[in-house]
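Examination of the molecular architecture
Here are the chains, one letter per residue:
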Amino acid sequence: TYYVASWEGSARLMYNFDNSVFLDVGSTSVGFHEEKITWTATKTVDFFSFYFPDTTNGVVYVASVTVTLVDIA
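What you see as residue numbers is a count from 1 along each chain, following the sequence as written. Only residues with pLDDT of 70 or above have their local features reported here, since the model is predicted, and side-chain atom pairs are shown and tallied only from 80 upward, although totals for entire chains, interfaces and linings are computed over all residues. Side-chain figures throughout are based on the complete set of non-hydrogen atoms in the structure, without hydrogens or water.

1. Side note on the pattern of salt bridges
Which entries qualify depends on this criterion: The working definition used for a salt bridge is a side-chain nitrogen of Lys or Arg within 4 Å of a carboxyl oxygen of Asp or Glu. Helical segments are the DSSP runs of H or I of at least four residues, strand segments are the runs of E of at least two, and each set is numbered from the N terminus. Residue burial is assigned from relative accessible area. The probe radius is 1.4 Å, only protein chains are included, and a residue is buried under 20% of its type maximum, exposed over 50%, and partly exposed in between.
By the definition in use, this model includes 2 salt bridges. Taking the shortest distance from any N to any O, the salt bridge between Arg12 and Asp24 comes out at 3.6 Å. Of this pair, Arg12 sits in the loop between strand E1 (2–7) and strand E2 (14–17) while Asp24 is found in strand E3 (residues 21–24), placing the two residues 12 residues apart along the sequence. Its salt-bridge partner being Lys43, residue Asp18 comes within 3.3 Å of it at the nearest N-O pair. Placement of the pair is Asp18 in the loop between E2 and E3 and Lys43 in the loop between strand E4 (31–33) and strand E5 (48–51), with a sequence separation of 25 residues. On the basis of relative accessibility, which here comes to 13%, the residue Asp18 falls in the buried class.

Quick look at the structure:
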């Protein structure tokens, strides 16, 4: 769950897994958003963050992030 207070231009907002896997976040339009992704890990992940691959001016507030492990391979 996240809130986009402002966003300028066409820069992307992405999920970053260990600086090696990047997935686009659904929307950067102003307002509240809730997104659910399913990702099958391709490697062991030590950290997760949000990433902006391009220069942008924007304000994003992250309300919550829930991670659920569904299987251990």
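From this point, things continue past the structure.
2. Notes on the packing of aromatic side chains
Just so we agree on the cut-off: Note on aromatic pairs: the rings of Phe, Tyr and Trp (six-membered ring only in Trp) are paired at centre separations within 6.5 Å, and the planes decide the class, stacked below 30 degrees, edge-to-face beyond 60, tilted for the rest.
The tally for this structure, following the rule as stated, stands at 8 aromatic pairs. Plain terms: the ring middles of Phe48 and Phe50 are 5.4 Å apart, the flat faces sit at 70° to each other, and that makes the pair edge-to-face. A relative accessible area of 31% places Phe50 in the partly exposed class.

3. Quick notes on the pairing of E2
Heads up, the rule is: If DSSP finds at least two bridges between two strands, the strands pair.
Because side chains alternate across E2, one face comprises the buried residues Met14 and Asn16, and the other comprises Tyr15 and Phe17, equally buried. In terms of strand pairing, E2 meets E3 through 4 bridges, oriented antiparallel. Opposite Met14, over in E3, you have Asp24 as the bridge partner. The turn joining E2 and E3, which pair antiparallel and follow one another in sequence, is formed by 3 residues; a positive phi near 60° is taken by Asp18. Of the strand pairs in this sheet, E2 and E5 are connected by 4 bridges, and their pairing is antiparallel. Looking at E5, one finds that Met14 is bridged to Tyr51.

4. Topic: a nonpolar patch on the surface
Quick note on the threshold: The patches reported here contain residues having more than 30% relative accessible area and no salt bridge. Joining distances are 9 Å for like charges and 5 Å for nonpolar side chains (Val, Leu, Ile, Met, Phe, Trp, Tyr). In short, Shrake-Rupley with a 1.4 Å probe defines the accessible areas, and a residue's cover is counted only from the protein chains shown.
On the surface, Phe48, Phe50, Val62, Val65 and Val67 cluster together into a nonpolar patch covering about 430 Å² of accessible area. By secondary structure assignment, the location of Val67 is in the segment after strand E6 (58–62).

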